[in-house]
Amino acid sequence: MAGKVFFSVSMSLDGFIAPESVEDLMGRQWMELQQWVFPQRFFRENLKLGAGGEEGRDNDILRETFERTGASVMGKRMFDAGEQAWPEDAPFHTPVFVVTHEKRDPWERPGGTTFHFVNDGIESALDQAREAAGDRDVRVAGGGATILEYVNAGLVDEFSIALSPVLFGAGIRLFEGVDAGRVALEPVRAEPSPRVTHLTYAVRER
């Protein structure tokens, strides 16, 4: 049986998941938004940053998210930013399908990550990701516009938000332009940790 389609993001208290400018993606606000991730043992292991790191529920959630993911889908904006920022051994270790208008051969990285470039729409990218993932789940990695496209198309089964105690004031809102008349949410889980609150919802058609 095919797995679920999900996304998992960190979000500020005022609803933003990234700064507007790609140049600010590694800036102060974004670093504050993601501050719960950096100390975790699994994050350090996955990016080969050395031994050590925290263990606990935050660490478990990072590991569980990674282990359930058999393939990822992302938009071109996220790929362009990540192509510059990710290490050579990119952190996905699975096939990644990039929704784009350009034609490009697959880009294979060390450690099991291969980027495939899909220029015939989000459904085609998801179909290919489902096939690659087998019985594991497909993660819509981002960015915000790509997540929204999948939500509005009724293609997301579940999502998790790490609600971080920071304010952005401006940037990319997670649900800006959502088809609220079509999408209904069912609470699944709420887990506070010392740094963030993890919220999980199932997505239903309204």
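For clarity, every value in this text was computed on a predicted model and none was experimentally measured. (Residues numbered from 1 in each chain as written. Predicted model: local features only at pLDDT ≥ 70, side-chain atom pairs only at ≥ 80, totals over all residues. Heavy atoms only, no water.)

(A) Quick look at the environment of A184. Inspection of the secondary structure assignment puts A184 in strand β10 (residues 183-192). Classification of A184 as buried rests on a relative accessible area of 18%. For the pair A184 and V203, spaced 19 residues apart in the sequence, the C-alpha separation amounts to 6.0 Å. Once residues lying within four places of it in the same chain are set aside, the contact partners of A184 are A202, V203, R204 and R206. (Helix = DSSP H or I, 4+ residues; strand = E, 2+ residues; numbered from the N terminus. Buried < 20%, exposed > 50% of the residue type's maximum accessible area, 1.4 Å probe, protein only. Contact = heavy atoms within 4.5 Å.)

(B) Representation of helix α4 (residues 76-85) in the model. When we look at burial in α4, the residues that qualify are F79, A81 and G82. Projection of α4 onto a plane perpendicular to its axis shows the buried side chains occupying an angular sector of 170 degrees, all on one side. Where α4 is buried, its residues meet β3 (69-75), β4 (95-99), β5 (107-108) and β6 (114-118). (Arc of directions from axis to C-beta.)

(C) Just the side chain of S164, in detail. Mapped onto the secondary structure, S164 falls in strand β8 (residues 158-164). The buried category is assigned to S164, whose relative accessible area is 0%. A distance of 3.3 Å separates a polar side-chain atom of S164 from the backbone oxygen of L33. (Polar contact = N/O pair within 3.5 Å; in protein donor to acceptor, adjacent residues only side chain to side chain.)

(D) Examining the sheet that holds β3 more closely. Across the sheet, 9 strands lie side by side as β5-β6-β4-β3-β7-β1-β8-β11-β10; this open sheet has mixed pairing. Looking at strand neighbours, the two that pair on one side only are β5 and β10, the edges of this open sheet. Lying on the sheet, helix α3 (residues 57-68) is in contact with β1 (5-12), β3, β7 (137-142), β8, β10 and β11 (197-205); it crosses β3 at an angle near 90 degrees. Packed on one face of the sheet, α4 meets β3, β4, β5, β6 and β7 and runs near 100 degrees to β3. (Pairing = 2+ DSSP bridges. Axes fitted to C-alpha atoms, helices over the stretch in contact; angles between N-to-C directions.)

(E) Broad picture of the layout of surface pockets. In this structure, the second largest pocket encloses a volume near 190 Å³. Forming the boundary of the second largest pocket are 13 residues, of which V156, D157, V203, R204 and E205 lie nearest the centre. Elements represented by at least two residues in the lining of the second largest pocket include exactly α6 (144-152) and β11. For the lining of the second largest pocket, the element with the highest residue contribution is β11, accounting for 4 residues. For the lining of the second largest pocket, a count of residues per class yields 5 nonpolar, 2 polar and 6 charged. (1 Å grid on protein atoms, 1.4 Å probe; cavity = no way out; pocket = protein on both sides within 12 Å on 5 of 7 lines; lining within 4 Å. Points joined across faces, edges and corners; volume = space filled by probe spheres on them. Nonpolar A, V, L, I, M, F, W, Y, C, P; charged D, E, K, R; others polar.)

As far as function goes, none of this settles anything; it's purely spatial.
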